[in-house]
Amino acid sequence: MRFFFDLFPEIAQKETLSVKIQSESVPDGIYSFLEYYCDNLDCRCTTVVLDAVFSEEDDPKKGKHIGSINYEWDKPLSRKNPSFYKDETQSDMAQAAMTVFRRAMEEDGFYAKKLNDHFEMVRGYVRLEMQETPYIQNKAPKLGRNDLCGCGSGKKYKKCCSRK
């Protein structure tokens, strides 16, 4: 999984879903949803893991983790989408975060498209990263049995280090 904020901090700062709540059925504060995407290029999953954080400041990275949500951006909202991330314990505020997220998804018809765009950006980043990884090749010439040993002993390789 790749944290979108780490790869594209300027875009994430502008486009992270953050909702300020005051005087409602959930605790007052700022709910932000930080995005994590699958970086396996063989996988074409359309699920984003959203790390829900709660804060009283405008910086989502300084918020308190309250839960994790799975959301499939190519599927409509339903009872099963979004859902809580099963591999993680949710805090007592996780349900409030889910309520805020569902409401935001219902009100913003373009956010799912934004998540898809972010997913494609992460995939592009991973592809470039893989292209830049150099193929490691041993540049040292291979020693033959009758060549002088590379350890500097002055003996032939067959009588020196080949036996070790």
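Predicted model, so just to flag it, every value in this text is computed and none were measured.

Rules of the game
Residues numbered from 1 in each chain as written. Predicted model: local features only at pLDDT ≥ 70, side-chain atom pairs only at ≥ 80, totals over all residues. Heavy atoms only, no water. Helix = DSSP H or I, 4+ residues; strand = E, 2+ residues; numbered from the N terminus. Expected span 1.5 Å × (residues − 1). Buried < 20%, exposed > 50% of the residue type's maximum accessible area, 1.4 Å probe, protein only. Arc of directions from axis to C-beta. Core = buried A, V, L, I, M, F, W, Y, C linked by side-chain atoms within 4.5 Å. Contact = heavy atoms within 4.5 Å. Salt bridge = Lys/Arg side-chain N within 4 Å of Asp/Glu carboxyl O. Phe/Tyr/Trp six-rings, centres within 6.5 Å; stacked < 30°, edge-to-face > 60°. pLDDT = per-residue confidence, 0-100. Pairing = 2+ DSSP bridges. Polar contact = N/O pair within 3.5 Å; in protein donor to acceptor, adjacent residues only side chain to side chain.

A. How the structure looks around helix α4 (residues 111-132). For α4, spanning 22 residues, the distance from its first C-alpha to its last is 32 Å, which sits close to the expected 32 Å at 1.5 Å a residue. Those residues of α4 that sit buried are Tyr111, Ala112, Leu115, His118, Phe119, Val122, Arg123 and Val126. Along the axis of α4, the buried positions cluster into a sector of 140°, meaning they face one direction only. The outward face of α4, more than 90 degrees from its buried face, is lined by the exposed residues Gln131 and Glu132.

B. Spotlight on the nonpolar core. Formed by 37 residues in total, the largest nonpolar core has its most connected members in Tyr31, Phe33, Tyr37, Leu50, Tyr71, Trp73 and Phe101. Listing elements by their share of this core, those giving two or more residues are α1 (4-7), β2 (17-21), β3 (29-37), β4 (47-55), β5 (64-72), α3 (94-107) and α4. Looking at this core element by element, the count peaks at seven residues for α3. Those residues in contact with Tyr31 that lie beyond four places of it in its chain are Leu17, Ser18, Val19, Ile21, Val26, Val53, Phe54, Ile66, Met93, Ala96, Ala97 and Val100.

C. Structural view of the pattern of salt bridges. According to the stated counting rule, one finds four salt bridges in the structure shown. Residues Arg2 and Asp39 are paired through a salt bridge, measuring 3.0 Å at the closest nitrogen-oxygen approach. Remark: Asp39 occurs in the loop between β3 and β4 and Arg2 occurs in strand β1 (residues 2-3); sequence separation between them is 37 residues. Here Lys75 makes a salt bridge to Glu72, at a shortest N to O gap of 2.9 Å. Judged by relative accessible area, Lys75 falls into the partly exposed class, the value being 43%. Overlapping salt bridges, with partners in common, bring together Arg2, Asp39 and Glu129 in one network.

D. Structural detail: the packing of aromatic side chains. By the definition in use, this model includes 11 aromatic pairs. Note on Phe4 and Phe8: the rings are 5.3 Å apart at their centroids and 40° apart in plane angle, and the pair reads as tilted. In this structure Phe4 comes out as buried when scored by relative accessible area, which is 2%. Seen from their ring centres, Trp73 and Phe119 are 5.0 Å apart, and the 50° between their planes marks the pair as tilted. In this pair, Trp73 sits in the loop between β5 and β6 (83-84) while Phe119 sits in helix α4, placing the two residues 46 residues apart along the sequence. The exposure classification of Trp73 matches that of Phe119, with both residues buried. Grouping aromatic residues by their ring pairs yields a cluster made of Phe4, Phe8, Tyr37, Trp73, Phe119 and Tyr125.

E. Looking closely at the confidence of the model for the protein chain. Looking at the protein chain, the pLDDT average stands at 86 and 93% of residues meet or exceed 70. Mean pLDDT across the elements of the protein chain ranges from a minimum in α4, with 90, to a maximum in α1, with 95.

F. Spatial organisation of the environment of Ser83. Among the secondary structure elements, Ser83 is positioned in strand β6. Separated by 52 residues in sequence, Ser83 and Tyr31 have C-alpha atoms that sit 17 Å apart. Beyond its immediate sequence surroundings of up to four residues, Ser83 is in contact with Ser68, Ile69, Asn70 and Met98.

G. Up close: the pairing of β2. Side chains Leu17, Val19 and Ile21 of β2 all project onto a buried face; the interleaved residues Ser18 and Lys20 project onto a face where none is buried. Bridging between β2 and β3 involves five bridges; their strand directions are antiparallel. Residue pairing for β3: Val19 is matched across the bridge by Tyr31.

H. Geometry of the side chain of Arg2. A polar side-chain atom of Arg2 sits 3.0 Å from a polar atom in the side chain of Asp39. At a separation of 2.6 Å, a polar atom in the side chain of Arg2 contacts the side chain of Glu129. If we ignore the near neighbours within four places in the chain, the residues touching Arg2 are Leu7, Glu35, Tyr36, Tyr37, Asp39, Val122, Tyr125, Val126 and Glu129.

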